[in-house]
Amino acid sequence: MPGNKTDAIDVRNAVKRYGDFTALKRISLTIKDNEFFTLLGPSGCGKTTLLRMIAGFEDVTEGEILLYGDEIESLPPHLRPVNTVFQNYALFPHMTILDNVAFGLEMRGKTKAAARKRAGEMLELVQLSQFAARKPSQLSGGQQQRVALARALAPQPKVLLLDEPLSALDLKLRKAMQLELKHLQRETGITFIFVTHDQEEALTMSDRIAVMSAGKMQQLGSPTEIYERPRNMFVADFIGETNLLEVSVDEVRNGRAVCHLGGGHALTCNSVEGIGEGAKVHMSVRPERLFMSDVPVEAESLKGRVAENIFVGTDISTLVDLAEGPQFIVRTSNSDRGNKRIFEPGSEIFVNMELGAGRLLMD
Amino acid sequence: MAHVNENIKSYRGFRSITLLCLVVLYAPLVIVTIYSFNASQSITNWEGISLRWYADVFTGPESEKFKVAAFNSFTIAIIAATASTAIATLAATAMVRGGNFKLRTVSFGLISLPLMVPEIVTAVATLIFFNAIGFTRGYMTILVAHIAFCIPFAYLPISARMQGIEDSFEQAAMDLYATRRQAFTRILMPLMAPGIISGFLLAFIVSLDDFIITNFVKGAGVETLPTAIFGSVKQGIKPNIMAISTMLLSISIVMVTISYFVSKSDNTK
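Residues numbered from 1 in each chain as written. Chains lettered and ligands numbered in written order. Predicted model: local features only at pLDDT ≥ 70, side-chain atom pairs only at ≥ 80, totals over all residues. Heavy atoms only, no water.

Caption draft 1: Seen up close, the packing of helix α3 (residues 63–97) of chain B against helix α4 (residues 104–116) of chain B. Residue and element names in this part refer to chain B. At their nearest, the axes of α3 and α4 sit 11 Å apart, and the two run at 150° to each other. One element, α3, and the other, α4, form an angle in the roughly antiparallel class. Where α3 crosses over α4, the handedness of that crossing is left-handed. Contacts between α3 and α4 involve A91, M95 and V96 on the former and, on the latter, R104, S107, F108 and I111. (Axes fitted to C-alpha atoms, helices over the stretch in contact; angles between N-to-C directions. Helix = DSSP H or I, 4+ residues; strand = E, 2+ residues; numbered from the N terminus. Parallel < 35°, antiparallel > 145°, perpendicular 65-115°, else oblique. Left-handed = near helix turned anticlockwise from the far one by under 90°. Contact = heavy atoms within 4.5 Å.)

Caption draft 2: Layout of the interface of chain B and chain A. On the chain A side, the residues contacting the 20 residues of chain B number 27 residues. Taking both sides of the interface into account, the surface hidden between chain B and chain A amounts to around 2100 Å²; carbon and sulfur atoms contribute 62%. If you look at where chain B meets chain A, you find 1 salt bridge. For E106(A), the salt bridge goes to R186(B), with nearest N and O atoms at 3.7 Å. Elements that contribute at least two residues to the side of chain B that touches chain A include exactly α7 (168–175) and α8 (180–209) of chain B. Taken together, the residues of the side of chain B that touches chain A break down into 10 nonpolar, 6 polar and 4 charged. (Buried area = accessible area lost by both parts, 1.4 Å probe. Salt bridge = Lys/Arg side-chain N within 4 Å of Asp/Glu carboxyl O. Nonpolar A, V, L, I, M, F, W, Y, C, P; charged D, E, K, R; others polar.)

Caption draft 3: Geometry of the sheet that holds strand β3 (residues 36–40) of chain A. All names here are of chain A. Spatial strand order, β6-β7-β8-β3-β9-β10: 6 strands in an open sheet with mixed pairing. Every interior strand has two partners, whereas the edge strands, β6 (82–85) and β10 (216–221), have only one. Neighbouring strand axes in the sheet, compared pairwise and without regard to direction, differ in orientation by 20° on average. On top of the sheet, helix α4 (residues 141–153) reaches β6, β7 (159–163) and β8 (191–196); it is set at about 175° to β6, its chief contact. (Pairing = 2+ DSSP bridges.)

Caption draft 4: Broad picture of helix α2 (residues 97–107) of chain A. Here α2(A) lies mainly inside the structure; 11 of its 11 residues are buried. All of the buried residues along α2(A) are I97(A), L98(A), D99(A), N100(A), V101(A), A102(A), F103(A), G104(A), L105(A), E106(A) and M107(A). On its buried face, α2(A) is in contact with α3 (112–125) and α4 of chain A together with α7 and α8 of chain B. (Buried < 20%, exposed > 50% of the residue type's maximum accessible area, 1.4 Å probe, protein only.)

The following block contains the structure:
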């Protein structure tokens, strides 16, 4: 089947096996042109393996990988018009910063002078011109990171692959680099494929995210979709914080489900495809979609007792032991304190779900 | 912090044992060096400082013999070190970068075995081998034997160096459009250079100093410095032997020192 020329990367039924171990179990996904795409998952989920298969460092056991419509899975790395920013940067220690950035251009047949000129421009783009003559070891981690970025972008790859490039930086620098990366992606118009295990980073930067676990794709969608409409337990639990309740489904109609808790308390929430009547599943509700009151105010009110209030700067997390269920976290933003109440530990209260806040999940 | 002071220096007798070892190891070298500057004909009576025995090495009755031997020694050392370093570099590349191939442990054992086998055994075996294939003993047999036994000495610093170089550098090079060969010559070789130089120097010294194997495989009339010195000593030790030994010693010290500093210099950080 010919590929679509306008899709940056098309992974079709990709399988990766190492002996008996299957690292990737039939992954298919399409990455659009000019997209900031993130592969997100815990370590060992196969995200880096997939990235390295696109770069050409790992063979594809089964399946195809297409780059703008051309099959590339059998090409060696140096014939693939993609460049990688490595986790440890892998800057050539015996070369100056300028020569590092010029390397890819030279290998592509540019003269030394032309390659250096373009490398100089790239260093300007990442604001490191004054370090051109230094060796990588004389630069800080953040600076090395930007050199690695300039080096990978200099040959104008069709797709830029980033393998957890921010994981070695401290929090402040990481936040700044997240924005810089996003800007760089918009400015250059190059498709970025970003690998990370940090869900917050993924939500901040990505146009779309593929959540992976145990070599399988769990969900693919925009940050909002993935956060607000997780498909299954893994995604709901991995992305952000969530409260889970075991429920039995009584009735499903128009995407809404009526269900009850172990003790019989009835609830209405959003359903997902594939869940039918009689199913015993989990319901997820985000802590910020809950509020507390001394009398039940919504249909979806659960009785409980406040265990603890935890102040975390912008909001307060309240741990509530439910009468009929596990401990819930309720998050109240400090800016919301005018209309949402905080109760002292020990208070008997009701936890109320905003309309449409609860979602059923596939296991 | 007194309780932490379980330092080896605090053991009784540490100082005297250390001194004893140092004396046993280095006193002969020091004495030979000092007496090489002796003005006397005798090797035991000190008659003042002089360079006459150094002059004697180059102009004396035995100078012709030593010149030929030195020429042999240095050409053999240079060729053997170069050849064995090249072979060791390729072997290290295969061993360190070749993935987990079958017989990898066996290969490593085979490469480093000559370091463990008593040299006399290697010498006899080499001699028997040359006889068996009908190789006439002479300059070439010495050269071939030296190339062979120098390989493990060159291999160790080179492979140690290579193990310290992450393969992400080569991957980055190939990712940036370098072919496998370009990644090797432009990235891996420069990073390995300290190991290669250090391996070369070590092989050079081992070849230059070798006596046992050389003595077995050399033909009649072909001498290297160590065998020539041994030949002279058999007719009685003269002070010119001390002079020539001191010169060899200084060459070794210089080489080993360079090798040490080169292998210390880390250009991967």
